[in-house]
Amino acid sequence: MDASPALIAIATAAYVSTNVDGYALLLGFFSNERYRAMEIVAGQFISVVTQVALSIAVMRSGWVTQSPLVGLAGVVPLFAGLKRIAQLRRRDEPQNESGTDRWTSARGTGGRVATVAVVATSGAIDNVMVYSSVMVGRATSDVLLIAGTFGLLTSLLCLCAFWTAGSRSSIPALQFAARRIAPYTTAAIGVSLFIRFDTFPWLYSLA
């Protein structure tokens, strides 16, 4: 397991780069008094488990392989990021963008947990593509290590958002910053997929 530190670093980079906007979303939920902390944490973990399961399914399906074609999957996060960057100038209502205002009517613990899970998963297609590309070609033990790393990082993400939400005065500023950074990280994910699978040279060779 000499490669474990490097693999953990890769998994951490993938998780952090795809969860900047997730952090802003968690701040919105933790600042909403209708939601208990454990409901939010449970919903976030369900979302991450779902994303990892989908990533493993994509990876096991054989669709993801070490070839330039895989890099074309980067078109999804790249397009999404560029589209959101273009919309930044029209965004000036942080709380509405957190995605939590419209879900305040959820009733019961189960309903609130499900709401957090659905909202957190709804925009995670780029997460799935990135995670599956990180897992491709890895042994089962490596995939389990990656999944475990994601679990630990999810705990830290929730803890950090919960702690930050205790200082309500900082929430709007942090949501604003995360909202501004997230589109760029999403676009960068797309570019990184093109680079990792040598898709740019391959496209150039076709020209």
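Numbers given to residues run from 1 along each chain, matching the order in which its sequence is written. Per-residue local features are limited, in this predicted model, to residues with pLDDT of at least 70; the limit for side-chain atom pairs, both in listing and counting, is 80 or more; totals at the level of whole chains, interfaces and linings are taken over all residues. Only hydrogens and water are set aside; all other atoms, that is, all heavy atoms of the structure, feed into the side-chain values.

**Here's the deal with the side chain of Asn32**
And step 1. In this description a helix means any DSSP run of H or I spanning at least four residues, a strand means any run of E spanning at least two, and both kinds are numbered starting from the N terminus. Among the structural elements, Asn32 can be located in the loop between helix 2 (20-30) and helix 3 (37-60).
And step 2. Here's how the labels work: a residue is buried when its accessible area is under 20% of the maximum for its type, exposed when over 50%, partly exposed in between, all with a 1.4 Å probe on protein chains only. Taking the relative accessible area as the measure of exposure, Asn32 reaches 12% and is therefore buried.
And step 3. A polar side-chain atom of Asn32 sits 3.0 Å from the main-chain amide nitrogen of Arg34. The term polar contact refers here to a pair of N or O atoms within 3.5 Å; inside protein, the definition further demands a hydrogen-donor-capable atom paired with an acceptor-capable atom, and it admits residues adjacent in sequence only when both atoms are side-chain atoms.

**What to know about the environment of Ala37**
And step 1. With respect to the helices and strands, Ala37 occurs in helix 3.
And step 2. For Ala37, a relative accessible area of 29% gives the class partly exposed.
And step 3. In this structure the C-alpha to C-alpha distance between Ala37 and Phe162, which are 125 residues apart in sequence, comes to 7.5 Å.
And step 4. Whether two residues touch is decided by their heavy atoms; if any such pair falls within 4.5 Å, the residues are in contact. The contacts of Ala37, once residues within four sequence positions are left out, are Phe30 and Phe162.

**Regarding the side chain of Thr164**
And step 1. Examined against the element boundaries, Thr164 turns out to sit in helix 9 (residues 140-165).
And step 2. Of the polar contacts made by the side chain of Thr164, one reaches the side chain of Tyr23; its length is 3.0 Å.

**Thoughts on the packing of helix 1 (residues 4-18) against helix 9**
And step 1. Two numbers describe how helix 1 lies on helix 9: the axes approach to 9 Å, and their chain directions differ by 50 degrees. If you check the angle between helix 1 and helix 9, you find them oblique. Judged by the sense of rotation from one axis to the other, the crossing of helix 1 with helix 9 is right-handed. In this structure, helix 1 contributes Ser4, Leu7, Ile8, Ala11, Thr12 and Tyr15 to the contact, and helix 9 contributes Asp142, Leu145, Ile146, Thr149, Phe150, Leu153, Thr154 and Leu157. The angle between two axes is taken between their N-to-C directions and runs from 0 to 180 degrees, where each axis is a line fitted to C-alpha atoms and a helix contributes only its stretch in contact. Each angle gets one of four labels, with under 35 degrees taken as roughly parallel, over 145 as roughly antiparallel, 65 to 115 as roughly perpendicular, and the rest as oblique. Helix crossings are classified by the rotation of the near helix relative to the far one: an anticlockwise turn of less than a right angle makes the crossing left-handed, while a clockwise turn makes it right-handed.

**Brief notes about the nonpolar core**
And step 1. Core analysis: the biggest nonpolar cluster contains 33 residues, and Tyr15, Leu26, Phe29, Ile40, Met135, Ile146 and Phe150 have the highest contact counts within it.
And step 2. Sorting the residues of this core by element identifies helix 1, helix 2, helix 3, helix 7 (108-122), helix 8 (125-135) and helix 9 as the ones contributing at least two each.
And step 3. If one sorts the elements of this core by residue count, helix 9 sits on top with 8 residues.
And step 4. If near-sequence neighbours (up to four positions away) are discounted, Tyr15 is found in contact with Gln44, Val48, Tyr131, Phe150, Leu153, Thr154 and Leu157. By nonpolar core is meant a set of buried Ala, Val, Leu, Ile, Met, Phe, Trp, Tyr and Cys residues that side-chain atoms within 4.5 Å join together.

**Comments concerning helix 3**
And step 1. For helix 3, with 24 residues, the first-to-last C-alpha span of 34 Å sits near the 34 Å given by 1.5 Å per residue.
And step 2. Within helix 3, burial applies to Glu39, Ile40, Gly43, Gln44, Ser47, Val48, Gln51, Val52, Ser55 and Met59.
And step 3. Those residues of helix 3 hidden inside the fold are in contact with helix 1, helix 2, helix 7, helix 8 and helix 9. The span you would expect from a helix comes to 1.5 Å times its residue count less one.

**Side note on the confidence of the model for the protein**
And step 1. Confidence along the protein averages 79 in pLDDT terms, with 76% of residues attaining 70 or more.
And step 2. Counting contacts from residues 93-99, a segment whose pLDDT is below 50, to residues more than four positions away or on other chains yields 14 contacts. Scored from 0 to 100, pLDDT records how confident the predictor is in each individual residue.

**Topic: the packing of helix 3 against helix 7**
And step 1. At a closest axis distance of 7 Å, the pairing of helix 3 and helix 7 adopts a crossing angle of 45 degrees. Viewed along their axes, helix 3 and helix 7 adopt a mutual orientation that is oblique. Here helix 3 runs over helix 7; the crossing is right-handed. Of the residues in helix 7, those in contact with Glu39, Ile40, Ala42, Gly43, Gln44, Ile46, Ser47, Thr50 and Gln51 of helix 3 are Thr109, Arg112, Val113, Val116, Ala117, Ala120 and Thr121.
And step 2. Classifying every residue of the contact of helix 3 with helix 7 by side-chain character gives 7 nonpolar, 7 polar and 2 charged. Amino acids are sorted into nonpolar (Ala, Val, Leu, Ile, Met, Phe, Trp, Tyr, Cys and Pro), charged (Asp, Glu, Lys and Arg) and polar (every other residue, Gly among them).

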